[in-house]
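Below are the chains, spelled out letter by letter.
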Amino acid sequence: DTGVSQNPRHKITKRGQNVTFRCDPISEHNRLYWYRQTLGQGPEFLTYFQNEAQLEKSRLLSDRFSAERPKGSFSTLEIQRTEQGDSAMYLCASSLLDEAFFGQGTRLTVV
Amino acid sequence: AQSVTQLDSHVSVSEGTPVLLRCNYSSSYSPSLFWYVQHPNKGLQLLLKYTSAATLVKGINGFEAEFKKSETSFHLTKPSAHMSDAAEYFCVGGGSYIPTFGRGTSLIVHP
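The residue count restarts for each chain, going from 1 along the sequence in the order it is written. Ligands are numbered from 1 and chains lettered from A, in the order in which they are written. A pLDDT threshold of at least 70 governs which residues receive local features in this predicted model, and a stricter bar of 80 or more applies before side-chain atom pairs are shown or counted, although totals over entire chains, interfaces and linings include all residues. Think of the side-chain values as coming from all heavy atoms in the structure, minus any hydrogens and water.

Caption draft 1: Structural detail: the environment of Glu 15 of chain B. All names here are of chain B. A run of H or I in DSSP becomes a helix once it reaches four residues, and a run of E becomes a strand once it reaches two; helices and strands are each numbered from the N terminus. Of note, Glu 15 is situated in the loop between β2 (10–14) and β3 (19–21). In this structure, the C-alpha to C-alpha distance between Glu 15 and Phe 101, residues 86 residues apart in sequence, is 27 Å. When sequence neighbours within four positions are dropped, the list of residues in contact with Glu 15 reads Ala 81, His 82, Met 83, Val 109, His 110 and Pro 111. Residue contacts follow a heavy-atom distance rule, with two residues in contact if any of their heavy atoms lie within 4.5 Å.

The following block contains the structure:
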């Protein structure tokens with residue numbers, strides 16, 4: 001499968017714990033995006049990388065959130081000291097030109 | 001950034017009748033616009049995209065959309081709904097390399 005891959009698919013964590021998600025984009029894609037989607041809402045932009053450079057971050061991305069894309073390949077999104085409000089689907093997408101390809105997402109539940 | 005507004009949160013149709021999902025955009029320059037579909041527990045799939053080549057865009061599964069600059073609209077249509085079309089549909093603006101989602105329209109198809 002050559003699509004965007006996200007791991008894990010599901011994560012249940014206790015409030016206050018740290019979690020990390022991984023995204024493997026389509027190999028030749030230089031742009032990578034993270035979004036958050038809650039029930040009944042459209043995906044909300046979190047952050048964007050072009051190659052290894054993080055070019056934009058949403059104001060939604062509090063200081064508990066950090067994302068990296070070392071070497072411009074895979075990316076990780078870490079949430080520190082999770083809160084119940086962080087429960088959501090976290091989506092990764094990659095693109096080369098104008099069309100973004102999305103992964104299946106990681107569903108986070110904070111209990 | 002390109003912003004889009006989906007005018008209906010829910011659209012309900014009978015199987016075999018036409019589908020119309022409405023989207024308006026706001027941009028001071030020539031936009032890139034997309035429609036994505038999200039089936040329950042599935043990833044986002046691109047239906048079609050407009051990138052200024054033609055105002056009537058044909059997509060997958062019989063969907064099409066017409067770009068109307070005078071109305072700043074990019075409505076999604078299908079002549080005849082199938083039960084399998086029941087899903088969440090997102091109009092997406094692609095300016096500044098960051099896809100920006102509308103709130104989504106839930107399409108309900110009755111037998």
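There is more to say after this.
Caption draft 2: Looking closely at the interface of chain A and chain B. Listed by partner, the interface residues are 18 residues for chain A and 16 residues for chain B. Once two parts are put together, the accessible area they lose, assessed with a 1.4 Å probe and summed over both, is termed the buried area. Its largest share of buried area at the contact with chain B, chain A owes to Asp 98, Glu 99 and Phe 102 of chain A, together 33% of the area lost on that side. Here a salt bridge means any side-chain nitrogen of Lys or Arg lying within 4 Å of a carboxyl oxygen belonging to Asp or Glu. Between the two partners, chain A and chain B, sit two salt bridges. Measuring nitrogen to oxygen at the nearest pair gives 3.8 Å for the salt bridge that ties Glu 99 of chain A to Lys 49 of chain B. Residues adjacent in sequence count toward polar contacts only when both atoms are side-chain atoms; beyond that, a polar contact is any pair of N or O atoms within 3.5 Å, and within protein one must be able to donate a hydrogen and the other to accept it. Summed over the shared surface of chain A and chain B, the number is six residue pairs in polar contact (both at pLDDT 80 or more). A total of four residues in the side of chain A that touches chain B trace back to one element, the largest contributor, which is strand β4 (residues 31–37) of chain A. Here the term charged refers only to Asp, Glu, Lys and Arg, the term nonpolar to Ala, Val, Leu, Ile, Met, Phe, Trp, Tyr, Cys and Pro, and the term polar to all other amino acids, Gly among them. Looking at the side of chain A that touches chain B residue by residue, the classes come out as eight nonpolar, six polar and four charged.

Caption draft 3: Molecular detail of the pattern of salt bridges. Residue and element names in this part refer to chain A. Enumeration according to the criterion identifies eight salt bridges over all chains in this entry. Note that Arg 22 is salt-bridged to Asp 24, the shortest N-O span being 2.7 Å. Linked by salt bridges that have partners in common, Arg 64, Glu 83 and Asp 86 make up one network.

Note that every value here comes from positions in space, so none of it alone points to a role or purpose.
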